[in-house]
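# Observations on the model geometry
One-letter residues, chain by chain:
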Amino acid sequence: MKLKKLLLATLIFAASGYSYAAPGSQPEDPETQEIPERNYGQDPERKRMPSRHSGIFFRYDYLNRWCVFSNLGSSTSMSVTITDLEGNSRFGSVSRDFPIWQIDLKSGEYFISCTSDTGTTYEGFVYI
């Protein structure tokens, strides 16, 4: 009986650390942050089919001083607004061919809003 409980506990412990992620859905770099999709005007209680593309990935490259965006989904371009905590905003754009925005940012928290050419909006706070 003790062996059975030990085996069951080991199995539960091993299974709790496992999670399945679709290929390409998780950021590869630990400094990469996800900016989630926002659905304004939609009923949050409405049942929806899960989306495989639920957000874009953002990373700030300190060495080159640029923002790098990835996982743009079906979008070919995006307009980007980045706002610091004092309310200062900067505007730029990225595309699938050139997903980099050269901008000098200091360390801190920023709010990023991205609107794709398909009309999808992604918003969230990032730490640089």
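Residues numbered from 1 in each chain as written. Predicted model: local features only at pLDDT ≥ 70, side-chain atom pairs only at ≥ 80, totals over all residues. Heavy atoms only, no water.

## What to know about the nonpolar core
Counting residues in each nonpolar core, the largest one holds 20 residues, and the members touching the most others are Phe58 and Phe69. Within the residue set of this core, elements represented by two or more residues are β2 (55–61), β3 (66–70), β4 (77–84), β7 (109–116) and β8 (121–127). In contact with Phe69, not counting residues within four places along its chain, are Ile35, Ile56, Phe57, Phe58, Val80, Val94, Pro99 and Cys114. (Core = buried A, V, L, I, M, F, W, Y, C linked by side-chain atoms within 4.5 Å. Buried < 20%, exposed > 50% of the residue type's maximum accessible area, 1.4 Å probe, protein only. Helix = DSSP H or I, 4+ residues; strand = E, 2+ residues; numbered from the N terminus. Contact = heavy atoms within 4.5 Å.)

## Notes on the pairing of strand β5 (residues 89–95)
Bridge count for β4 against β5 is 7 bridges, and the pairing is antiparallel. Looking across to β5, one finds that Ser79 is bridged to Ser93. The hairpin formed by β4 and β5 contains 4 residues between the paired strands, and Gly87 there has a positive phi angle of roughly 95°. (Pairing = 2+ DSSP bridges.)

## Observations concerning the confidence of the model for the protein chain
The pLDDT averaged across the protein chain works out to 77; a share of 64% of its residues lies at or above 70. Every residue in residues 13–27 is under pLDDT 50, and counting partners more than four places away or in other chains gives 7 contacts. (pLDDT = per-residue confidence, 0-100.)

## Section: unusual backbone geometry
The residue Arg65 is not glycine, and still its phi comes out positive at about 60°. Relative to the elements of secondary structure, Arg65 occurs in the loop between β2 and β3. What makes Arg65 partly exposed here is its relative accessible area of 46%. In this structure, Asn71 takes a positive phi of about 60° despite not being glycine. Among the secondary structure elements, Asn71 is positioned in the loop between β3 and β4. Assessed through its relative accessible area of 28%, Asn71 is described here as partly exposed.

## What to know about the side chain of Ser113
With respect to the secondary-structure elements, Ser113 resides in strand β7. Residue classification places Ser113 among the buried residues on the basis of a relative accessible area of 16%. Among the polar contacts listed, one links the side chain of Ser113 to the side chain of Glu123, at a separation of 3.4 Å. Ignoring any residue separated from it by four or fewer positions in sequence, one finds Ser113 in contact with Ser79, Val80, Thr81, Thr121, Tyr122 and Glu123. (Polar contact = N/O pair within 3.5 Å; in protein donor to acceptor, adjacent residues only side chain to side chain.)

## Section: the sheet that holds β4
With respect to topology, 8 strands assemble into an open sheet ordered β5-β4-β7-β8-β1-β2-β3-β6, the strand pairing being antiparallel. The open sheet has two edge strands with one neighbour each: β5 and β6 (100–102). Ignoring which end each strand starts from, the neighbouring axes of this sheet average 25° apart. Where strand β1 (residues 33–38) and β8 come together, 2 bridges link them in antiparallel fashion. Within β8, the position partnered with Arg38 by the bridge is Thr121. (Axes fitted to C-alpha atoms, helices over the stretch in contact; angles between N-to-C directions.)

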